Amino acid sequence: TILLNNGRTIPTIQFGTYKMKGPDCKKAVLSAFQAGYKGLDTASVYDNEKEVGEAIVESGIPRENLFIQTKLWRSFCGRRKNGKPKCDPELNKSLRKLGTKYIDCWLMHWPGPGRHLNYPPVRQGMDRPKVKIEGNASKMVPEDWSPAMRLYTYKEMAKHVGSNVRSLGVCNFSVRQLEELLAYCEENNIPKPAVVQNECHPLLSAVDVRKFCSQEGIVFQAYASLGAGSLGLMDNPVVKQIAASHGVTPAQVLLKWGLQLG
């Protein structure tokens, strides 16, 4: 485990559930538990928190022996029409689906609205226009989004730390966005993030963000350690050569690369 800046600990390796759905997700999570994983990463927008929760129950592992983290999707930044924060009911939904009374780490999934108004991303086009996709109104990003909305939402998320959230984190933040957030945390006397989760692998080493996190006492957590999209890292000739020379798999080489960077 690694020590967080709030005195708690986080597993060095966690099992990610991105793109996993239904019974296959539940089966995979149970297999991960059997293999020895104690940490799980999911998100409300993955639409698999229910299956992850079922696997947690069926595993028989005491809740206090697990580290469960989930994320707040960017549709739920800002305030509802009644002036109350959008994030509160989303946390309650995640808790209910996961079948747990607390989240070990709750992360803001994205720092901004992205290039689209809702999820999934707009159909690819030369100019990537913002398009409202029919049937996705519940996951639509606020059309009035602003950087201030990001900071306000983090502040509202922080209110749950100590009750049903143990630690707070953010994902996909740049150094500039992290600097802005930490200044805001200091001004408002709220806990700074304990974890920053960004894409990181040999083709995207995230040097600047990792250095910033190290300086600020924040744990940097990599996602897509095996590569993302069409990068083909698992079939990369250099990775395969290293794996063959050590008698291990390409996946083990890529995970070890991340571990050696801390």
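Structural data are supplied above this passage.
Note that this is a predicted model, so its numbers are computed, not measured.

Engineer: Which residues make up the packing of aromatic side chains, and what values do they have?
Structural biologist: Considering all chains together, one arrives at two aromatic pairs under this definition. Pairing Tyr18 with Tyr46 gives two aromatic rings, centres 5.3 Å apart and planes at 45°, and the pair type is tilted. Placement of Tyr18 in the loop between strand S3 (15-16) and helix H1 (22-35) and of Tyr46 in the loop between strand S4 (39-41) and helix H2 (49-59) is noted, with a sequence separation of 28 residues between them. Note on Tyr46: relative accessible area 9%, which makes it buried. Its end group placed over the ring of Tyr152, Arg79 keeps NZ or CZ at 3.9 Å from the ring centre. Residue placement shows Arg166 over the ring face of Tyr102; its charged tip is 3.7 Å from the ring centre.

Engineer: Give a detailed account of unusual backbone geometry, specifying residues and quantitative values.
Structural biologist: Backbone geometry at Asn189 places phi at a positive 55°, although glycine is not the residue there. The topology assignment puts Asn189 in the loop between helix H5 (175-188) and strand S8 (195-199). Within the chain, Ala206 stands out as a residue other than glycine whose phi angle is a positive 50°. Residue placement: Ala206 occurs in the loop between S8 and helix H6 (207-216). On the basis of relative accessibility, which here comes to 17%, the residue Ala206 falls in the buried class.

Engineer: Residue-level account of the pairing of strand S9 (residues 219-223), with values.
Structural biologist: Two strands pair when backbone bridges link them, and S8 and S9 are joined in this way by five bridges, in the parallel orientation. Opposite Val195, over in S9, you have Val219 as the bridge partner. Following the backbone out of S8, through H6 and into the adjacent parallel S9, one traces a crossover that is right-handed.

Engineer: With reference to specific residues and values, describe the nonpolar core.
Structural biologist: Membership of the largest hydrophobic core comes to 48 residues, with the highest contact counts inside it found for Val29, Phe33, Trp106, Tyr154, Val170 and Leu178. Leave out the neighbours within four places in its chain, and Val170 touches Leu107, Met108, Tyr154, Leu178, Leu181, Pro193, Val195, Val196 and Gln197. The next biggest cluster of nonpolar side chains, apart from the first, holds nine residues, and it includes Leu4, Leu107, Val195 and Val219.

Engineer: So what's going on with the pairing of strand S5 (residues 67-72)? Which residues, and what values?
Structural biologist: Across the six residues that make up S5, a large majority, six, are buried. As paired elements, S4 and S5 share three bridges and run parallel to each other. Looking at S5, one finds that Asp41 is bridged to Gln69. In this region the chain leaves S4, passes through H2 and returns to the parallel neighbour S5; the handedness of that crossover is right-handed. As judged from the four bridges shared by S5 and strand S6 (residues 103-108), these two strands associate in the parallel manner. Bridging across to S6, Leu72 finds its partner in Met108. With helix H3 (residues 87-98) bridging S5 and its parallel neighbour S6, the resulting β-α-β unit is right-handed.

Rules behind the numbers
Residues numbered from 1 in each chain as written. Predicted model: local features only at pLDDT ≥ 70, side-chain atom pairs only at ≥ 80, totals over all residues. Heavy atoms only, no water. Phe/Tyr/Trp six-rings, centres within 6.5 Å; stacked < 30°, edge-to-face > 60°. Helix = DSSP H or I, 4+ residues; strand = E, 2+ residues; numbered from the N terminus. Buried < 20%, exposed > 50% of the residue type's maximum accessible area, 1.4 Å probe, protein only. Lys NZ or Arg CZ within 6 Å of the ring centre and 35° of its normal. Pairing = 2+ DSSP bridges. Right-handed = clockwise from strand over helix to strand, strands pointing away. Core = buried A, V, L, I, M, F, W, Y, C linked by side-chain atoms within 4.5 Å. Contact = heavy atoms within 4.5 Å.

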